[in-house]
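Coordinate inspection notes
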Amino acid sequence: MARLVIVSNRVPDASEATGPRAGGLAVGLADALTPGTLWFGWSGRRGRQTTTEPAYAEFRRLTYATIDLGEADYRAFYLGFSNGTLWPLFHMMPNLTSFDRAEYAVYREVNHIFATALLPLLRPDDLIWIHDYQLLGVAAALRALGVHNRIGFFLHIPFPAPAIYEVLPPARELLSGMLANDVIGFHTERDRWHFLNTVNVILGIDATADNVITHAGHSTQVIVTPIGIDVDGFTAQAVRAARRVATKRMVESLSGRTLMIGIDRLDYTKGLPARFDAYQRFLANYPEHRHHISFLQIAAPSREEVDRYRALRKDLDNKTGAINGAYSDFDWVPLRYMTRTVSRSLIAGFYRTARIGLVTPLRDGMNLVAKEYVAAQNPADPGVLVLSRFTGAAAGMAEALQVNPLDIDAVAEAIGAALAMPLEERQMRHAALLERLRHESAKAYCDAFTASLRGANH
Ligand code: GDG
């Protein structure tokens, strides 16, 4: 069978593969990679210059080949165009989007370096699977270097509506570059619809009937393959974790109160300020629940060198102070807020203990936290998932209490409804959610994508 070559911006190193990790791509893929796979990308290290000779590591029968980024490239490619331009724009927040032509030139250059460094490692029948918004130009760069392998690309974040995408100054160039792939995958039908319509608006190609775009003599198939998790593996981890001393200590500290949990990277797309406002509204409108609920929000620090992320952290510090200042008692703190990365096993135990999982991003490609929360529950006495309609996960989770995250009264009401929900209804909703999670697993995601890539017209 052909070897699979994964290309992603960040490659987890051996220590991260077992330690704490915050980030959906690493989590979703690690669950499903098969022995023999080569994973190529950035090591996470920064040096004077971007390296082109990969370093190798073997771990659990996977081969990792990594390059280091030069400091200037890291700033322009990663912090600049990837996370200052593409990330907010693709999450449909054009007002938060900046653009700098010089940063874009470096983005193109780094995409080209990825292709050049990967080239000597490739075998003729390798299946190349590129991931995410940092690497939109790698397929075109590989083709320019004469690579004829099957190449696929998966976008982990939303694809924006045409009227938003076209704001991007290099809109046309990036879009035609993407069409050097044989297969392009998205999490949801909505993303595919946005993409096909954007291709229609910008390149004048209508592929909405058969999802195959023919451009410059090459065909690209556009597919929907939602990412999932290893459900049974995660459930087992949660069961084990619930017995651990650390989880028990957390439960004891609740003194019989109900736990509500939020777990996110500290990112403005995750809707944390509105979530804190909604919790405050809940405390104001449901006085009978004061003293009986504890909200634990874990926010793993992320992209701390980007100004907007620092501003978000300040904002949340202030809101935490305001909520706890207004509502705490000498024996009760309503909000526990941690800006730290916690181990995956501890997270699994916390999910299982929590009666409510609060997942309210303003926009999210998929959101694996929602899936992990459901998988971690005890089916005999499951908790309730409160989920933003604007996550990709919402498409397959009709039994969650779905909310508009901006409507803080609605989120407060959903928290109230979750607390009041009878056991039978919780069980019914949970069983239906779990059943669907099993179908949309991490393995199903990888199998579906690679099968399309293998079968692509080439
Ligand atoms: C991108 C897309 C898409 C979080 N805090 C800690 C921690 N986490 C773990 C969670 C989960 C993962 O990180 C986060 O995944 P998400 O899917 O929620 O979000 P992104 O990182 O934004 O991922 C997203 C995903 O790619 C996959 O395609 O779903 O839409 O934005 O697994 O549990 N893990 C540990 N400590 C933490 O403090 N160990």
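What about the pattern of salt bridges?
In this structure the tally under the stated criterion is 24 salt bridges. Here Arg 192 ties to Glu 189 by a salt bridge, and the two come within 2.9 Å at their closest N and O atoms. Note that Arg 192 and Glu 189 are positioned in helix 8 (residues 189–203) at a spacing of three residues, about one turn of the helix. A relative accessible area of 13% places Arg 192 in the buried class.

Quick look at the domain arrangement of the protein chain
Entries for the protein chain in the domain assignment read domain 1 (4–228 + 442–455) and domain 2 (231–439). Computed from C-alpha atoms alone, the centre-to-centre distance between domain 1 and domain 2 is 30 Å. At the interface, 31 residues of domain 1 touch 25 residues of domain 2. Summing both sides of the interface, domain 1 and domain 2 together bury roughly 2,200 Å²; the carbon and sulfur share of this comes to 63%. At the junction of domain 1 and domain 2, the tally comes to two salt bridges. For the pair domain 1 and domain 2, the number of links is eight residue pairs in polar contact (both at pLDDT 80 or more).

Focus: the environment of Gly 383
In this structure, Gly 383 sits in the loop between helix 14 (368–376) and strand 14 (384–388). Other than its neighbours up to four places away in sequence, Gly 383 contacts Ala 354, Arg 355, Tyr 373 and Gln 377.

Re unusual backbone geometry
At Asp 132, a position not held by glycine, the phi torsion is positive, near 80 degrees. Mapped onto the fold, Asp 132 is located in the loop between strand 5 (127–131) and helix 5 (138–144). Notably, Ala 216 is not glycine yet its phi reads approximately 50 degrees, a positive angle. Within the secondary structure layout, Ala 216 lies in the loop between strand 8 (212–215) and strand 9 (218–224). Since its relative accessible area comes to 73%, Ala 216 is described here as exposed.

Focus on the side chain of Thr 85
Position of Thr 85 relative to the elements: it lies in helix 3 (residues 71–90). When its relative accessible area of 1% is taken as the criterion, Thr 85 is described as buried. In this structure, Thr 85 is in contact with Gly 80, Thr 97, Ser 98, Phe 99 and Leu 168, ignoring residues within four places of it in sequence.

Some thoughts on helix 7 (residues 171–178)
Listed in full, the buried residues belonging to helix 7 are Ala 171, Leu 174, Leu 175, Gly 177 and Met 178. Seen end-on, helix 7 carries its buried residues on one side only, within an arc spanning 160 degrees.

Things to note about helix 17 (residues 442–454)
The end-to-end C-alpha distance of helix 17 is 18 Å, a good match for the 18 Å that 13 residues give at a rise of 1.5 Å each. Every buried residue of helix 17 is listed here: Ala 442, Tyr 445, Cys 446, Phe 449, Thr 450, Ser 452 and Leu 453. In a view along the axis of helix 17, the buried residues occupy a sector of 155 degrees, so they form one face of it.

Some words on the sheet that holds strand 2 (residues 38–47)
What links the strands of a sheet is backbone hydrogen bonding, and the strands pair in either a parallel or an antiparallel sense. If you walk across this open sheet you meet the nine strands as 3-4-2-1-5-6-7-9-8, and the pairing is mixed. Since the sheet does not close on itself, it has two edges, and those belong to strand 3 (55–59) and strand 8, each with one partner. Within this sheet the neighbouring strands show an average axis-to-axis angle of 25 degrees, counted without direction. Note that strand 3 and strand 4 (residues 62–70) share five bridges and pair antiparallel. When the sheet's bridge partners are listed, Tyr 56 is paired in strand 4 with Ala 65. Lying over the sheet, helix 8 contacts strand 7 (183–186), strand 8 and strand 9, oriented at roughly 150 degrees with respect to strand 9.

A short note on the packing of aromatic side chains
Tallied over the full model, the rule gives 30 aromatic pairs. Ring geometry for Phe 81 and Tyr 107: centres 4.7 Å apart, planes at 65 degrees, overall edge-to-face. Note that Phe 81 is positioned in helix 3 and Tyr 107 in helix 4 (residues 101–118), a separation of 26 residues in sequence. On the basis of relative accessible area, Tyr 107 is assigned to the buried category, the value being 0%. For the ring pair Phe 159 and Phe 195, a centre distance of 5.1 Å and an interplane angle of 90 degrees mean the geometry is edge-to-face. With a gap of 36 residues between them, Phe 159 in the loop between strand 6 (150–154) and helix 6 (162–165) and Phe 195 in helix 8 connect regions that are remote in the sequence. Residue class for Phe 195 comes out buried when judged on its relative accessible area of 0%. Through a chain of ring-to-ring contacts, three or more aromatic side chains come together here, namely Phe 40, Phe 77, Phe 81, Phe 99, Tyr 104, Tyr 107 and Phe 114. Directly above the aromatic system of Trp 87 lies the positively charged group of Arg 303, at a separation of 4.2 Å from the ring centroid.

What counts and what doesn't
- Residues numbered from 1 in each chain as written.
- Predicted model: local features only at pLDDT ≥ 70, side-chain atom pairs only at ≥ 80, totals over all residues.
- Heavy atoms only, no water.
- Salt bridge = Lys/Arg side-chain N within 4 Å of Asp/Glu carboxyl O.
- Helix = DSSP H or I, 4+ residues; strand = E, 2+ residues; numbered from the N terminus.
- Buried < 20%, exposed > 50% of the residue type's maximum accessible area, 1.4 Å probe, protein only.
- Domains from an automatic or database assignment.
- Contact = heavy atoms within 4.5 Å.
- Buried area = accessible area lost by both parts, 1.4 Å probe.
- Polar contact = N/O pair within 3.5 Å; in protein donor to acceptor, adjacent residues only side chain to side chain.
- Arc of directions from axis to C-beta.
- Expected span 1.5 Å × (residues − 1).
- Pairing = 2+ DSSP bridges.
- Axes fitted to C-alpha atoms, helices over the stretch in contact; angles between N-to-C directions.
- Phe/Tyr/Trp six-rings, centres within 6.5 Å; stacked < 30°, edge-to-face > 60°.
- Lys NZ or Arg CZ within 6 Å of the ring centre and 35° of its normal.

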